[in-house]
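An overview of the molecular structure
The chain contents come next:
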Amino acid sequence: MNTPFNGFPEAADRIVYVRPVAVADLPDEIREQVGEVETVYSVHAPNGQQLALVADRKLAFHLARSHDYAPVSVH
């Protein structure tokens, strides 16, 4: 059986992307707030807008899910 599946269009706007960010690549004012951590995680909307910057991956996924988003890892 070969049935095309177009996904769930109503959920397309509820996806966010989680990616690691090197603290060294952040602006000075944010680096000062981060402390000794070398990597933080950024949560982005599908259009690329940064929604949040958090200390670890698990927290990024929890934050997204608690706001009814479906998080996806980006490498």
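Anything mentioned here points back to the structure above.
Residues numbered from 1 in each chain as written. Predicted model: local features only at pLDDT ≥ 70, side-chain atom pairs only at ≥ 80, totals over all residues. Heavy atoms only, no water.

**Overview of the side chain of His44**
- As for its position among the elements, His44 is in strand 2 (residues 39-44).
- Look at His44 and you get buried, because its relative accessible area is 12%.
- Of note is the side chain of His44, whose polar atom sits 2.6 Å from the side chain of Ser42.
- If we ignore the near neighbours within four places in the chain, the residues touching His44 are Val16, Tyr17, Arg19, Gln49, Gln50 and Leu51. (Helix = DSSP H or I, 4+ residues; strand = E, 2+ residues; numbered from the N terminus. Buried < 20%, exposed > 50% of the residue type's maximum accessible area, 1.4 Å probe, protein only. Polar contact = N/O pair within 3.5 Å; in protein donor to acceptor, adjacent residues only side chain to side chain. Contact = heavy atoms within 4.5 Å.)

**Regarding the pairing of strand 3 (residues 50-54)**
- Sheet analysis places strand 2 next to strand 3, joined by four bridges and oriented antiparallel. From the neighbouring strand, Tyr41 faces strand 3, where its bridge partner is Val54.
- Here strand 2 folds back onto strand 3, and the loop between the two strands holds five residues, one of which, Gly48, carries a positive phi near 95 degrees. (Pairing = 2+ DSSP bridges.)

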